[in-house]
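An overview of the molecular structure
For reference, the chains in residue letters:
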Amino acid sequence: MAEVKRMFEQCKNVVITTHVSSDGDAIGSSLGLYEYLTRKGKMVTVMVPGYYPDFLKWMKDADKILLYDRQKARCRNIIAMADLIVCLDLNEPGRMEELAQPVLASNAKKVMIDHHLHPEQFCDLVISYPDASSTSELVFRIIDSIGGLQNLSKAGAEDIYAGMCTDTGKFSYNSNDPDIYMILAELLKKGIDKDKINRRIYNNYTEARFRLLGYILSEKLQVFPEYHASLFTLNREELRNFHYLKGDTEGVVNMPLEIKGTKLSIFMHEDTEKPRIFVSLRSVDDFPANKVAAEFFNGGGHLNAAGGQLHCPMDEAIEIAKKAIEAYKDLLQAE
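Here goes a summary of the coordinates provided. Position labels on residues start from 1 in each chain and follow its written sequence. It should be noted that, the model being predicted, local features are given only for residues of pLDDT at least 70 and side-chain atom pairs only at 80 or more, the latter also being counted only at that level, while totals for whole chains, interfaces and linings use all residues. To get the side-chain values, take all heavy atoms of the structure and skip hydrogens and water.

Points about the sheet that holds strand E5 (residues 109-114)
Pairing within the open sheet is parallel, and its six strands lie in the order E3-E2-E1-E4-E5-E6. The open sheet has two edge strands with one neighbour each: strand E3 (66-67) and strand E6 (125-128). When DSSP finds two or more bridges between a pair of strands, those strands are recorded as paired. The secondary structure listing takes helices from DSSP runs of H or I that are at least 4 residues long and strands from runs of E that are at least 2 residues long, numbered from the N terminus.

Considerations on the layout of surface pockets
Think of a ball as big as a water molecule: rolled over the atoms, this probe shows where empty space is left. By volume, the second largest pocket is sized at about 200 Å³. Any residue with an atom within 4 Å of a point lines the site, the site being either a cavity, points on a 1 Å grid over the protein atoms alone where a 1.4 Å probe fits but cannot get out, or a pocket, an open set with protein on both sides within 12 Å along at least 5 of 7 lines. If you go around the second largest pocket, you meet 18 residues; those closest to its centre are Val20, Gly50, Asp69, Glu97 and Arg276. Residues are grouped as follows: nonpolar covers Ala, Val, Leu, Ile, Met, Phe, Trp, Tyr, Cys and Pro; charged covers Asp, Glu, Lys and Arg; every other residue, Gly included, is treated as polar. Its residues placed into classes, the lining of the second largest pocket shows seven nonpolar, two polar and nine charged. Grid points are joined across faces, edges and corners, and a volume is the space filled by probe spheres set on the points.

A look at helix H7 (residues 178-189)
Helix span, expected: 1.5 Å multiplied by one less than the number of residues in the helix. For H7, with 12 residues, the first-to-last C-alpha span of 17 Å sits near the 16 Å given by 1.5 Å per residue. All buried positions along H7 are accounted for by Ile180, Ile183, Leu184 and Leu187. End-on, the buried residues of H7 take up no more than an arc of 105°, which puts them together on one face. Exposed and oriented more than 90 degrees from the buried face of H7 are Pro178, Met182 and Lys189. Burial classes follow relative accessibility: with a 1.4 Å probe on protein chains only, a residue under 20% of its type's maximum area counts as buried, one over 50% as exposed, and anything between as partly exposed. When we speak of the arc, we mean the arc of directions from the helix axis to the C-beta atoms.

Topic: the nonpolar core
In plain words, nonpolar cores are sets of buried Ala, Val, Leu, Ile, Met, Phe, Trp, Tyr and Cys residues tied together by side-chain atoms within 4.5 Å. Among the nonpolar cores identified, the biggest contains 54 residues, and Phe8, Ile16, Leu33, Val86 and Leu187 are the most heavily contacted of them. Look past the residues within four positions of isoleucine 16 in its chain and what remains in contact with it is Ser30, Leu33, Tyr34, Val44, Thr45, Val46, Met47, Val86 and Leu88. Listed in part, the 28 residues of the second largest apolar core include Phe224, Tyr227, Ala306 and Leu332. Note on definitions: a residue-residue contact is assigned when non-hydrogen atoms from the two residues lie within 4.5 Å.

Describing the packing of aromatic side chains
The criterion for an aromatic pair is that two Phe, Tyr or Trp rings (for Trp, the six-membered ring) have centres within 6.5 Å, with stacked assigned to planes under 30 degrees apart, edge-to-face to planes over 60 apart and tilted to the rest. Tallying each qualifying case throughout the model produces seven aromatic pairs. The interplanar angle of 65° and the centroid separation of 5.6 Å between the aromatic rings of phenylalanine 55 and tyrosine 205 together place this pair among those described as edge-to-face. Within this pair, whereas phenylalanine 55 is found in the loop between strand E2 (43-48) and E3, its partner tyrosine 205 is found in the loop between helix H8 (194-202) and helix H9 (207-220), the two being separated by 150 residues in sequence. The exposure classification of phenylalanine 55 matches that of tyrosine 205, with both residues buried. Measuring from ring centre to ring centre gives 5.9 Å for tyrosine 161 and phenylalanine 171, while their planes differ by 45°; the resulting arrangement is tilted. A residue pair is termed long-range when its members are at least 10 positions apart, and tyrosine 161 in helix H6 (residues 154-167) and phenylalanine 171 in the loop between H6 and H7 qualify at 10 residues. A residue is classified by how much of its surface remains accessible, and tyrosine 161, at 4% relative accessible area, is buried. Accessibility expressed as a relative area gives 17% for phenylalanine 171, which makes it buried.

Structural notes on the side chain of glutamate 238
Along the chain, glutamate 238 turns up in helix H10 (residues 236-241). A relative accessible area of 10% places glutamate 238 in the buried class. Those residues within four positions of glutamate 238 in sequence are excluded, and the remaining contacts are Tyr215, Lys220 and Thr233.

A closer look at H6
Since the α-helix packs 3.6 residues into each turn, any two residues three or four apart lie on the same face. Along its 14 residues, H6 runs 20 Å from first to last C-alpha, staying within 8% of the 20 Å computed at 1.5 Å per residue. Burial within H6 is extensive, with 13 of its 14 residues counted as buried. Trailing H6 by a residue or two, glycine 169 shows a phi angle of about 60°, which is positive.

As for the pattern of salt bridges
Any carboxyl oxygen of Asp or Glu within 4 Å of a side-chain nitrogen of Lys or Arg constitutes a salt bridge here. Across all of its chains, the model carries 21 salt bridges by this definition. Aspartate 61 is the partner of lysine 60 in a salt bridge, and the nearest nitrogen-oxygen pair spans 3.1 Å. Here lysine 60 falls in the partly exposed class, since its relative accessible area comes to 42%. With a relative accessible area of 13%, aspartate 61 lands in the buried category. Connected through shared salt-bridge partners, Glu35, Lys60, Asp61 and Lys64 make up one network.

Written out as structure tokens, the structure is:
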């Protein structure tokens, strides 16, 4: 904490970045730290590898986030001038995809703040705590620990709450630590309206999203009751037919877990821009979704929430997913 405090005090030009397909925790932690450092008089830029979900754009200054894949020259110039780069919600540079190259080439001091397992040592300072509910929680703890809570604005508190909320499924998993609710109390003291934030996140989808959900549940969902598992997929054509926007499938992988007895849900969908398949896994209790992701899908993550990627046709990906379910059948069938 003494070292990160020194870095935050001495820096002048800061770049905050996070992982590809940035989710609520990635954007929430980034904008929360952005708000804190900006209020301390620093020049701060948030940049992400590419597009992030529309339902997160209500956050203050979200419109200032730079998209590296669309603004490469501008992002590279800003990185070249930075004296501090903060990498949030990622444990290795590959998760930044093309943005990793200028970040790694920069002579700026680098800090990683993350809650994923097995962090790689590519930063000068690594703050890694896999037991945390979210990176947003860690950002709050750091700000509090270095005596900066008075500089956390209402907008920053909203960002941090949003990140914690989305990474715990509205505090329905990975959220049994009593300290989490002490943090929520402090955020509420900043004047946030958590009910309104919840509506902005979860009641802010398009009609097309709901029609896509109906299609998934009626036509695409495969349930394997003997294995207490489910699987569903979407190809590029199906996504386009429902006017897919990034974020439209956010949280859908959790829905099959509402089926009685289901322990594992797997969702795979083709990237609309690149030849790859994104894989999301969710589980309950002590079933290791992260081990399945690492073994079969070139990924990893948390015990109950993990992901990965495949570079193959969808038919082949489906067979891989079925092999994964079969390989873990003993754990899935265990009482």
